[in-house]
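A structural walkthrough
What follows is each chain in one-letter form.
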Amino acid sequence: MRQPKKQPRPEPMARPSQFIQILATALKKAPVALPSEDALLLSPRNEAQSERFFFRHFAQCRLSINLYDSAGTRQINTYAPDSEMIFPAQLRMARQSVSGCAFTVIEEKLFFLYDRAEHWPDVPDHIAFFAVHLDGSHLAALSAEAPTMTLTPSEYVLLAHLLSGKDLQGAAEATGASYDTKRKQIRTVLDKFGAKTQTALLRALSLDITAAVLDEILPLKDRRPETAQIKRQFGRAVVVNHLSIGESDEIPIWEFGARRGQPVLYFHSMLSPVLFDDDMIRPLKAQNLRMLLVPRHFLSFTREAEPELRMARFSKAMAEIVDYMIDEPVLCLAESAGVPWAAHFVRHHPDHVSKLVLCGTPQLFKAVKDSASPTIFVDMSHRLRSDARVLVGLTQVYNALSRVPAFAQKGLGHMFRKSEADSACLDTLFERAHLSDWLRLIANHATLASIDEMISLQRDWHADLLATRCPMVLLHGREDPISPIEDAEAIARELPEARFEPVENAGHLVFSEAIHRVLSHLICDQFQAEAAPRYASGP
């Protein structure tokens, strides 16, 4: 009878070293829960590099973040008993957005992924992307509209799947619920966020989350100085978004006022990208207006190509913003040096514009009436056209003055001295320091912006307006020392769809000095209801 073959006796388990025993005792976990001693002491070089990089940049990060390599392997691990490993061991970057941002759901957890590792110059070569865990409280806190709202676990999971790109049917299948159940639930979620449609909610929420997360994790050098300045001035009252246009252009979009209100695309002046009124949020909300602006002084392509090409790229970017963030023709508001940029946009993208409101329209380089004492703008235009070197010299002088608040105040005070309204407005603005901050920031970080602005004012933007058939309103201060009211009125008379309104007790800074008058023209149904003549009189 054959004897059963003896099974080999199992090797005795290696007794953990004193190091492992002490570590297990300190962590209050059994040794089996820990990696081997070799794995702990002889960790791969990549993991050691990952940890040094991680704690150098993200130790103080208020969000839960982890690193992943090109194979999708988690880089940062924890063995502490009170630290749940919420990040999966393997994770893949979804190719969802050309901006490098994506959302994905793993085990009913939402993760924000970002693969632009080149923003960190010391990033190890093997790091491919970053993952940020967002729970239900984050979705509310990172929303500009409902920061104190709470979501149920079921609502959070539904919203997570929708943000990751699934439609409502796909989200229902992923959660094992019926479509009808999720259709009812999304209505509750919309009410909590104050959104009208699912598309509007996801668009706004994804922009809010992306802006907030990147502002938290990006290295300081990539935190734009103009973003820091606008945040200092308006705090949570401004929402800063970034939209990738084409292959390389990342366009900042600032939002003010009512988040679900009537959109208004604002083309700012030369002096500052924002309106000269710290209290502008209140009237915007009162009129249910949502003002969006692109700070064109700080765009990445301002140093490239010819001026006409830069303007064309800017107009194309604005059209992309309207398509993505608004998806319908939009009201356009332009002030002073912003008028030529708005005119170009309206002419080349007429289907994107429903109405155009112009404030403090600049003077044409050739005045309507010759004068023995031409305005400073006409005088400078003649000099610029006769000698191109004047443009560079003028810009250097302008930036030098802008860097010193006392000089800037004196220089602008001299330019606007013939208007009591403008002089009083400037005195107030310099007292608050915000105008000084913007002038200095533009001079230091956007030194070529002044050249672009002067060039755009010299082009024939009047022809763009003449080729435009959308309704227009021109508001102009009677005391305007930069662009005489007679010239502005003459421009309006040549525009078939334009209505001209003089504003009493106002100068060139008419938007700041008569903000309620300007905003009243931005209510979408007002233009159709107006039966007044094209040339109104009175204040």
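Before reading on, note that the structure itself is shown above.
Owing to the predicted nature of the structure, the values given are computational and were not obtained by experimental measurement.

1. Quick word on the overall build of the chain
Secondary structure summary: the chain contains 23 helices and 12 strands in total. Only carbon and sulfur atoms are counted for the fraction: they give 53% of the accessible area of the chain, which is about 26200 Å².

2. What about helix α7 (residues 179-193)?
The terminal C-alpha atoms of α7 lie 21 Å apart, and with 15 residues this matches the ideal 21 Å at 1.5 Å per residue to within 8%. Regarding α7, the residues found buried are K182, Q185, I186, V189, L190 and F193. Here the buried residues of α7 occupy an arc of 150° about the axis, which is enough to place them on one side. Within α7, the exposed residues directed more than 90 degrees away from the buried face are K184 and D191.

3. Overview of the nonpolar core
Formed by 48 residues in total, the largest nonpolar core has its most connected members in F58, F112, F130, L134, L159 and I209. Counting 44 residues, the second largest nonpolar core, distinct from the first, contains L243, I253, A492 and A498.

4. So, unusual backbone geometry
A positive phi angle, close to 50°, is found at E107, a residue other than glycine. Among the secondary structure elements, E107 is positioned in the loop between β2 (101-106) and β3 (109-114). The backbone of N288 sits at a positive phi, close to 55°, despite the residue not being glycine. Structurally, N288 can be placed in the loop between α10 (281-286) and β8 (289-293).

5. Structural notes on the packing of helix α8 (residues 198-217) against helix α11 (residues 307-326)
Packing of α8 against α11 brings their axes to within 9 Å, and their N-to-C directions diverge by 115°. Every residue of α11 that contacts α8 at R203, S206 and L207 is listed here: D323, Y324, M325 and I326. In terms of residue class, the contact of α8 with α11 is built from four nonpolar, one polar and two charged.

6. Quick notes on the pattern of salt bridges
When charged atoms on two side chains of opposite charge get close, those side chains can pair. One pass over the full model with this rule turns up 19 salt bridges. A salt bridge links D208 to R259, with the shortest nitrogen-to-oxygen separation between them at 3.3 Å. You can see D208 sitting in helix α8 and its partner R259 sitting in the loop between β6 (249-257) and β7 (262-267), a full 51 residues away along the chain. For D208, a relative accessible area of 5% gives the class buried. A salt bridge links E308 to R459; the nearest nitrogen and oxygen atoms lie 3.3 Å apart. Taken as a pair, E308 in helix α11 and R459 in the loop between α18 (449-458) and α19 (461-466) lie far apart in primary sequence, 151 residues in all. Its relative accessible area of 15% is what places R459 among the buried residues. When salt bridges that share partners are traced, they join D208, E255, R259 and R290 into one network.

7. Focus: the side chain of H133
Relative to the helices and strands, H133 is located in strand β4 (residues 127-134). In contact with H133, other than residues within four places in its own chain, are S64, I86, F87, K109, L110, F111, H138 and Y156.

8. So, the environment of D167
Mapping D167 onto the fold places it in the loop between α5 (153-163) and α6 (168-175). Taking the C-alpha atoms as reference points, D167 and Q198, separated by 31 residues in sequence, lie 9.9 Å from one another.

9. Observations regarding a nonpolar patch on the surface
Taken together, the side chains of V397, L401, V404 and F407 define a hydrophobic patch exposed on the protein surface, amounting to about 320 Å² of accessible area. Among the residues examined, L401 registers a relative accessible area of 36% and is labelled partly exposed.

10. Some thoughts on the pairing of strand β10 (residues 353-359)
β10 sits mainly inside the fold: six of its seven residues count as buried. In this structure, strand β9 (residues 330-335) lies alongside β10, joined through six bridges in parallel fashion. Looking across to β10, one finds that V330 is bridged to V353. Running through helix α12 (residues 338-348), the crossover from β9 to the neighbouring parallel element β10 is right-handed. When β10 meets strand β11 (residues 472-477), the two strands line up parallel, connected through four bridges. Across the sheet, residue L358 finds its bridge partner in β11, namely L474.

11. Side note on the sheet that holds β3
The sheet built from four strands is open, its strands ordered β1-β4-β3-β2 with antiparallel pairing. The outermost strands of the open sheet, each flanked by one partner alone, are β1 (64-69) and β2. Within this sheet the neighbouring strands show an average axis-to-axis angle of 30°, counted without direction. Across five bridges, β3 lies against β4 in antiparallel orientation.

12. Some words on the state of the cysteines
Throughout this description, disulfide means a covalent bond between two cysteine sulfur atoms. Within this structure, the stated rule accounts for zero disulfides. Distance from the sulfur of C470, which forms no disulfide, to the nearest cysteine sulfur (C332) is 7.5 Å.

13. Remarks on the packing of aromatic side chains
As enumerated under the stated definition, the model contains 16 aromatic pairs in all. Centre to centre, the rings of Y266 and F511 are 5.7 Å apart; their planes meet at 70°, and the pair counts as edge-to-face. One end of the pair, Y266, is in strand β7; the other, F511, is in helix α21 (residues 510-513), and 245 residues separate them in sequence. Members of the aromatic cluster, connected to one another through ring pairs, are F53, F54, F55, F58, W120 and F130. One residue, R203, lies across the ring of Y324, its end atom 5.7 Å from the ring centre.

14. Some details on the environment of T148
Locating T148 in the fold gives a position in the loop between α4 (136-141) and α5. Sequence separation between T148 and S137 is 11 residues, and the spatial gap between their C-alpha atoms is 8.6 Å.

15. Examining α5
In terms of burial, α5 is largely enclosed, as nine of its 11 residues are buried. Among the residues of α5, E155, Y156, V157, L158, L159, A160, H161, L162 and L163 are the ones counted as buried. One or two residues past the end of α5 sits G165, with phi positive at roughly 115°.

Rules behind the numbers
Residues numbered from 1 in each chain as written. Predicted model: local features only at pLDDT ≥ 70, side-chain atom pairs only at ≥ 80, totals over all residues. Heavy atoms only, no water. Helix = DSSP H or I, 4+ residues; strand = E, 2+ residues; numbered from the N terminus. Areas by Shrake-Rupley, 256 points an atom, 1.4 Å probe, with all protein chains shown as cover. Expected span 1.5 Å × (residues − 1). Buried < 20%, exposed > 50% of the residue type's maximum accessible area, 1.4 Å probe, protein only. Arc of directions from axis to C-beta. Core = buried A, V, L, I, M, F, W, Y, C linked by side-chain atoms within 4.5 Å. Axes fitted to C-alpha atoms, helices over the stretch in contact; angles between N-to-C directions. Contact = heavy atoms within 4.5 Å. Nonpolar A, V, L, I, M, F, W, Y, C, P; charged D, E, K, R; others polar. Salt bridge = Lys/Arg side-chain N within 4 Å of Asp/Glu carboxyl O. Patch = residues over 30% accessible without salt bridge, like charges linked within 9 Å, V, L, I, M, F, W, Y side chains within 5 Å. Pairing = 2+ DSSP bridges. Right-handed = clockwise from strand over helix to strand, strands pointing away. Disulfide = S-S within 2.5 Å. Phe/Tyr/Trp six-rings, centres within 6.5 Å; stacked < 30°, edge-to-face > 60°. Lys NZ or Arg CZ within 6 Å of the ring centre and 35° of its normal.

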